[in-house]
Amino acid sequence: MLDRVPWTAPSASPRAKPLSHREDAIDPLLWEGDIDPAPLAGRRVGIFGYGNQGRAQALNLHDQGIAVRVGLRPGSSSFARAEADRIPAHPALEVASWADVLVLLVPDEHQAHLLQELGPVLGTGEGRALGFAHGFSITFGGLEPPSAMGVFLVAPCAPGARMREAFERGGGVFAYVAVDNDPPGSHTEALALAYARALGCARAGVLRTSFRAEAEVDLFGEQAVLCGGMHALLKAAFDTLVEAGYPPEMAYLECHDQLVWLAASVHAEGIAGTRRRISSTALYGDLTRGPRIIGPESRAALEAILAEIRSGGFAAEFLDEMAAGQPRIKTALETADRLPMEEVGRRLRRRAARQGPPSS
Ligand SMILES: NC(=O)c1ccc[n+]([C@@H]2O[C@H](COP(=O)([O-])OP(=O)(O)OC[C@H]3O[C@@H](n4cnc5c(N)ncnc54)[C@H](OP(=O)(O)O)[C@@H]3O)[C@@H](O)[C@H]2O)c1
């Protein structure tokens, strides 16, 4: 019986504050029945960018009967993709003239410049709204929308492709909604909520927040866990096993390859549910060794990373890197491609896909 496995609970971190558990707390999530779709009905939505989010949002809105056009820069390779999806795509300035709801879904570092380019057709922006899928540009990127535009955020908590898949299955993904500017009579929050609902997000749940909170929490999540923390842990664990003399294939299969099943289990049932499914040996190791990996030093690093995000230090560093042509990113990607860990992974994936021995 897993629940009989003896173990000593790790002592609480001195920084840990008790969570207040309120049985009577009001559910802060909004559902389809809480949101009026009318504020988006009859609006003309211009989606700028047809990448991860742009494509998924344009297709979901189109399927909900909303008039959508995609705005792109001249020569963009995304014209062909939009055409293949039967979503009308035009030069960005033309779409800005046509739309009364404009949603910036180009990479964050390009949004301020794109808005400047659209400036001549937007004027004061009266009667129009400007949407984002991330609070970065408004909070940290120096983007200043025309003063009379309603400014809103609908940030889906998933990559665009996953949001589209969920929508096509009749479901949705969670989303944050926020308002930065709400000119008199524009009812920007009602519009933002209706937009989130049209994306399918209210089928999962919509949470009201602020641009700043979304920007900070999103950056922290990807740096601490989803990308930065996880990738660094995978590399360190692989290196530890290989340096100790174990075959790299074993190191890869143990540390990387099985992650997909554990991530799916945590997604479906939480950590508590996952712990009831793993073996007793895995459970005991989890409970007693995990806190040694994420100990006081890692906690301090997490706090420092959050402080850098909140001060704007991370954003300034990132924008400098992008303006300089991404030198650190390019070097880091090239170095990472050549790591033994990646070579082993490529070989194993090729082999699994072939369902047979590799030819070389
Ligand atoms: N990745 C996600 O699924 C995700 C999840 C939540 C929120 N977000 C947020 O959604 C926004 C868009 O991110 P994304 O990952 O979807 O971006 P992305 O896939 O990198 O966007 C690519 C699209 O933007 C166009 N584009 C790039 N630079 C441009 C420029 N200077 N002017 C006009 N068009 C340009 C590209 O066209 P070309 O062919 O011309 O390059 C392409 O159509 C960001 O604010 C991001 O933080 C993203």
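This one's a predicted model, so the numbers in the text were calculated from it and none came from an experiment.

How would you explain the confidence of the model for the chain if you had to name every residue and give the values?
Scored by pLDDT, the chain has a mean of 91; 91% of the residues are at 70 or more. Note on residues 1-24: pLDDT under 50 across the span, and twelve contacts to partners over four residues away in sequence or across chains.

Give me helix α8 (residues 211-226): which residues, what numbers.
Along α8, the residues that are buried comprise F211, E214, A215 and L219. In a view along the axis of α8, the buried residues occupy a sector of 120 degrees, so they form one face of it. Looking at the packing, one finds that the buried side of α8 touches α5 (136-139), β6 (150-156), β7 (175-181), α13 (296-311) and α14 (313-323).

Requested: an account of the sheet that holds strand β5 (residues 129-132), with residues and values cited.
One open sheet holds the eight strands; their spatial order is β3-β2-β1-β4-β5-β6-β7-β8, and the pairing between them is mixed. One side of each edge strand has no neighbouring strand; the edge strands of this open sheet are β3 (89-91) and β8 (206-208). Direction aside, neighbouring strands of the sheet carry axes that sit 25 degrees apart on average. As judged from the five bridges shared by strand β1 (residues 44-48) and strand β2 (residues 67-72), these two strands associate in the parallel manner. Residue pairing across strands places I47 opposite V70, the latter belonging to β2. Packing against the sheet, helix α7 (residues 188-198) makes contact with β5, β6, β7 and β8, and its axis sits at approximately 25 degrees to β6.

Which residues make up the site of the ligand, and what are the values?
Neighbouring the ligand are 23 residues; G49, G51, N52, S76 and H134 lie closest to it. Residue assignment for the shell around the ligand shows that the elements contributing at least two residues are α1 (52-63), α4 (108-122) and β6. Classifying every residue of the shell around the ligand gives ten nonpolar, eleven polar and two charged.

Which residues make up the domain arrangement of the chain, and what are the values?
Annotation of the chain at the domain level lists domain 1 (32-208) and domain 2 (219-354). Taking only C-alpha atoms, the centre of domain 1 and the centre of domain 2 are 32 Å apart. Taken together, the four residues of domain 1 in the interface contact four residues of domain 2. Among the residues making up the side of domain 1 that touches domain 2, the classes are represented as two nonpolar, one polar and one charged.

Just give me the short version of the pairing of β6, but keep the residues and values in it.
The buried fraction of β6 amounts to seven of the seven residues, a majority that puts the element mostly inside the structure. Side chains G150, F152, V154 and P156 of β6 all project onto a buried face; the interleaved residues V151, L153 and A155 project onto the opposite face, where all are buried too. Pairing analysis gives four bridges linking β5 to β6, with the strands arranged parallel. Residue pairing across strands places F132 opposite L153, the latter belonging to β6. Pairing geometry for β6 and β7, over six bridges, is antiparallel.

Provide a residue-level description of the pairing of β7, including the pertinent values.
Across the seven residues of β7, five count as buried, placing the element largely inside the fold. In terms of strand pairing, β7 meets β8 through three bridges, oriented parallel. When the bridges of β8 are listed, A175 appears paired with V206. Read as a crossover between parallel neighbours, the route from β7 over α7 to β8 is right-handed.

If you had to explain unusual backbone geometry to someone new, which residues and values would you point to?
For H187, which is not glycine, the phi dihedral falls at a positive 50 degrees. With respect to the element layout, H187 can be found in the loop between β7 and α7. Residue H187 is classed as partly exposed on the basis of its C-beta count, with 16 C-beta atoms lying within 10 Å. With a phi angle near 60 degrees, Q326 is a residue other than glycine that sits in the positive phi range. The residue Q326 is located in the loop between α14 and α15 (327-337) in this model. Taking the number of C-beta atoms within 10 Å as the measure of exposure, Q326 has 13 and is therefore partly exposed.

Got a sec to walk through the nonpolar core? Specific residues and values, please.
Residues V154, A175, V177 and A196 are the most contacted members of the largest nonpolar core, which totals 68 residues. In terms of residue count, the dominant contributor to this core is α7 (seven residues). Viewed by domain, this core spans two of them, domain 1 (32-208) and domain 2 (219-354), each represented by three or more residues. Ignoring anything within four residues of it in the chain, the contact list for A196 reads V154, A175, V177, C201, A202 and V206. In this structure, F238, A251, Y252 and V344 belong to the second largest nonpolar core, which totals five residues.

Would you mind going over α13 in detail, with residue names and values included?
Helix length check: α13 (16 residues) gives 23 Å between terminal C-alpha atoms against 22 Å at 1.5 Å per residue, within 8%. Backbone geometry just downstream of α13 places G312 in the positive-phi region, at approximately 90 degrees.

Rules behind the numbers
- Residues numbered from 1 in each chain as written.
- Predicted model: local features only at pLDDT ≥ 70, side-chain atom pairs only at ≥ 80, totals over all residues.
- pLDDT = per-residue confidence, 0-100.
- Contact = placed C-beta atoms within 7 Å.
- Buried ≥ 20, exposed ≤ 12 C-beta atoms within 10 Å, placed from the backbone.
- Helix = DSSP H or I, 4+ residues; strand = E, 2+ residues; numbered from the N terminus.
- Arc of directions from axis to C-beta.
- Pairing = 2+ DSSP bridges.
- Axes fitted to C-alpha atoms, helices over the stretch in contact; angles between N-to-C directions.
- Near = placed C-beta within 6 Å.
- Nonpolar A, V, L, I, M, F, W, Y, C, P; charged D, E, K, R; others polar.
- Domains from an automatic or database assignment.
- Right-handed = clockwise from strand over helix to strand, strands pointing away.
- Core = buried A, V, L, I, M, F, W, Y, C linked by C-beta atoms within 7 Å.
- Expected span 1.5 Å × (residues − 1).

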